Amino acid sequence: MEIHIPKSKEEVWGPRRLTRYERARIISARTLQLSLGAPPFIDLSNLKITDPIEIANLELDKGVLPLTIARRIPGKGKQLVPVKWLVELEKQSKTSFYPQQ
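Per chain, the residues get numbers from 1 upward, laid out in the order the sequence is written. Side-chain atom pairs in this predicted model are given and counted only at pLDDT of 80 or more, local residue features only at pLDDT of at least 70, and totals for whole chains, interfaces and linings cover all residues. For the side-chain quantities, the full set of heavy atoms in the structure was used; hydrogens and water were omitted.

The protein goes by DNA-directed RNA polymerase subunit Rpo6 in an unreviewed UniProt entry, where it is assigned to Fervidicoccus fontis. UniProt positions are given in the numbering used here, feature names are shortened, and annotations may be inferred rather than shown by experiment. Recorded under Function (unreviewed entry), the UniProt text for the protein is reproduced unchanged: "DNA-dependent RNA polymerase (RNAP) catalyzes the transcription of DNA into RNA using the four ribonucleoside triphosphates as substrates."

## Focus on the overall build of the protein
Regarding its fold elements, the protein presents three helices and three strands. Based on the C-alpha atoms only, the size of the protein along its principal axes is roughly 45 × 40 × 20 Å. Out of the 101 residues in the protein, the part that is buried amounts to 30%. Counting contacts in the protein only where the partners sit at least 6 residues apart, residues at least 24 apart contribute 58% of the total. The Shrake-Rupley method, run with a 1.4 Å probe, gives the accessible areas here. Residue values count only the displayed protein chains as cover. On the protein, roughly 7200 Å² of surface is accessible, and the fraction owed to carbon and sulfur atoms is 57%. Only four residue types enter the tally: Lys and Arg on the positive side, Asp and Glu on the negative side, with His and both chain ends excluded. In plain terms, the charge of a residue is placed at NZ if it is Lys, CZ if Arg, CG if Asp and CD if Glu. Across the protein, 17 positive and 11 negative side-chain charges occur, with their mean positions spaced 4 Å apart. By the criteria applied, helices consist of DSSP H or I runs no shorter than four residues and strands consist of E runs no shorter than two, each listed in order from the N terminus. Exposure categories follow from relative accessible area, calculated using a 1.4 Å probe and restricted to protein chains: below 20% of the type maximum is buried, above 50% is exposed, and the middle band is partly exposed. Contacts are residue-level and defined by heavy atoms, with any inter-residue pair within 4.5 Å sufficient.

## So, helix H1 (residues 20-35)
The first and last C-alpha atoms of H1 sit 22 Å apart over 16 residues, in line with the 22 Å expected at 1.5 Å per residue. Among all positions in H1, only Glu22, Ile26, Ile27, Arg30, Thr31 and Leu34 are buried. One side of H1 carries all its buried residues, which in axial view fall inside an arc of 155 degrees. Facing away from the buried side of H1 by over 90 degrees, the exposed positions are Tyr21, Arg25 and Leu32. Just downstream of H1 lies glycine 37, where phi reads positive at about 105 degrees. Multiplying one less than the number of residues by 1.5 Å gives the expected span of a helix. What the arc describes is the spread of directions from the helix axis to the C-beta atoms.

Right, here's the structure in full:
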């Protein structure tokens, strides 16, 4: 099986965002880590959040999680995509769809 590692965001195959299944998997894994005592990747000193699920959501939305998604590409193997890229592409597509006021 061939593994493709893109060099830029433009080489990402498939959806240019996190699917709901990828998002759920990432949040659940990070929530488990936080509930077992892992330190958060964001500064919580000025926030009143203590729920591990909310912290995991914030970390994902800010794109600070050092994770990679392995996506299967039919007939071509797998592609490894950094979560940070997918979060950035998702934010770009949301801002480009709605006109600025």
